[in-house]
Amino acid sequence: MRTLTGRDAAIVLLERLEQVYPEAECALNYRNPWQLLVATMLSAQCTDVRVNLVTPSLFERFPSPEAMADADLVEVEALIRSTGFFRNKAKNLISCAAILSTEHDGEVPADLEQLVALPGVGRKTANVVLGNAFGIPGMVVDTHVKRLAGRFGWTRAEDPVKIEKDLQQLLPEERWTRTGHTLIAHGRALCKAPTPVCSACPIADGCPRRGVTCSK
DNA sequence: ATCCCGAGGG
DNA sequence: CCCTCTGGAT
């Protein structure tokens with residue numbers, strides 16, 4: 001048996017984590033790309049459970065970008081209020097919808113650069129939409145993925161875009177979407193900032209940072 | 001108090 | 001690089 005390369009070791013670790021978190025997936029409720037885009041924009045600093053509480057009435061009232069484009073700001077604010085950052089989110093949703101209806105034929109583009117160009121849509125949101133609504137590999141780098149990738153020695157970068165590139169090079173693209181979900185699940189459950197619960201971690205024996213308390 | 005699968009602006 | 005935006009859950 002040959003020595004594991006860094007890439008193979010990473011995949012071994014990932015597959016172990018996938019067994020620990022087999023249900024790790026997008027917990028937002030949506031029926032189409034538009035709904036997932038909206039839900040993901042709302043999910044910033046908010047639990048998915050809470051997002052799922054407000055989206056049914058929001059989607060009923062504004063089933064398409066065209067409908068949302070003409071929405072009253074105050075009404076949208078009221079509907080999404082409990083998700084936090086509601087003024088920014090409402091403003092972004094409406095201008096986003098306006099751009100989709102005027103410049104994208106009312107469709108959510110299945111393209112990273114076009115998604116990121118929308119107001120309130122960053123790379124994290126764009127990759128969630130690509131990976132989950134379009135089945136296009138999307139390497140989500142949020143706070144958990146950033147922290148875990150660093151701890152696992154998968155990247156030395158601090159910049160999320162560089163981390164995204166490093167992970168894309170390390171992992172085959174068919175793993176990108178699920179890897180985001182798996183790392184986020186593990187980051188929330190055990191591999192926390194600043195003190196990971198290594199004593200309870202099922203992959204501690206394969207982790208270069210096991211037992212090391214760190215601030216990132 | 002601290003955290004929740006961020007993004008934009010200065 | 002920093003700051004701000006925000007309510008709800010634990």
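Residues numbered from 1 in each chain as written. Chains lettered and ligands numbered in written order. Predicted model: local features only at pLDDT ≥ 70, side-chain atom pairs only at ≥ 80, totals over all residues. Heavy atoms only, no water.

### Some thoughts on the domain arrangement of chain A
In terms of domain boundaries, chain A breaks down into domain 1 (6–23 + 140–206) and domain 2 (33–133). Centre-to-centre separation of domain 1 and domain 2, based on C-alpha positions: 27 Å. Each partner contributes to the interface: domain 1 provides eight residues, whereas domain 2 provides seven residues. Summed over both sides, the interface of domain 1 with domain 2 buries roughly 580 Å², with 53% coming from carbon and sulfur. In terms of surface lost to domain 2, no three residues of domain 1 exceed Val-140, Glu-164 and Thr-177, which account for 62% of the buried area on that side. Our count for the domain 1 to domain 2 interface comes out at one salt bridge. The interface formed by domain 1 and domain 2 contains one residue pair in polar contact (both at pLDDT 80 or more). (Domains from an automatic or database assignment. Contact = heavy atoms within 4.5 Å. Buried area = accessible area lost by both parts, 1.4 Å probe. Salt bridge = Lys/Arg side-chain N within 4 Å of Asp/Glu carboxyl O. Polar contact = N/O pair within 3.5 Å; in protein donor to acceptor, adjacent residues only side chain to side chain.)

### What about the protein's contact with DNA strand C?
For DNA strand C, the full set of nearby residues is Gln-45, Cys-46, Arg-50, Arg-81, Ser-82, Gly-84, Phe-85, Phe-86, Arg-87 and Asn-88. Measuring from a base nitrogen of DNA strand C, one finds a backbone N or O atom of Gln-45 at 3.1 Å. Between a sugar or linking oxygen of DNA strand C and a main-chain N or O atom of Phe-85, the distance comes to 3.1 Å. When residues of the surface near DNA strand C are assigned to their parent elements, the largest contribution, three residues, is made by helix 6 (residues 86–103). When its residues are assigned to classes, the surface near DNA strand C shows three nonpolar, four polar and three charged. (Near = heavy atom within 4 Å. Helix = DSSP H or I, 4+ residues; strand = E, 2+ residues; numbered from the N terminus. Nonpolar A, V, L, I, M, F, W, Y, C, P; charged D, E, K, R; others polar.)

### A look at the nonpolar core
Within the largest apolar cluster, 66 residues are counted, with the highest numbers of intra-cluster contacts made by Leu-37, Met-68, Val-76, Phe-152 and Trp-154. If we ignore the near neighbours within four places in the chain, the residues touching Met-68 are Trp-34, Leu-58, Phe-62, Val-76, Leu-93, Ile-94 and Ala-97. (Core = buried A, V, L, I, M, F, W, Y, C linked by side-chain atoms within 4.5 Å. Buried < 20%, exposed > 50% of the residue type's maximum accessible area, 1.4 Å probe, protein only.)

### Comments concerning the UniProt feature "domain: HhH-GPD" (unreviewed entry) in chain A
Per the UniProt entry, the sites bearing "domain: HhH-GPD" (unreviewed entry) are residues 42–189 in this numbering. Segment residues 42–189 splits into 65% helix and 0% strand. End C-alpha atoms: 22 Å apart. (UniProt positions renumbered as here; feature names shortened; annotations may be inferred.)

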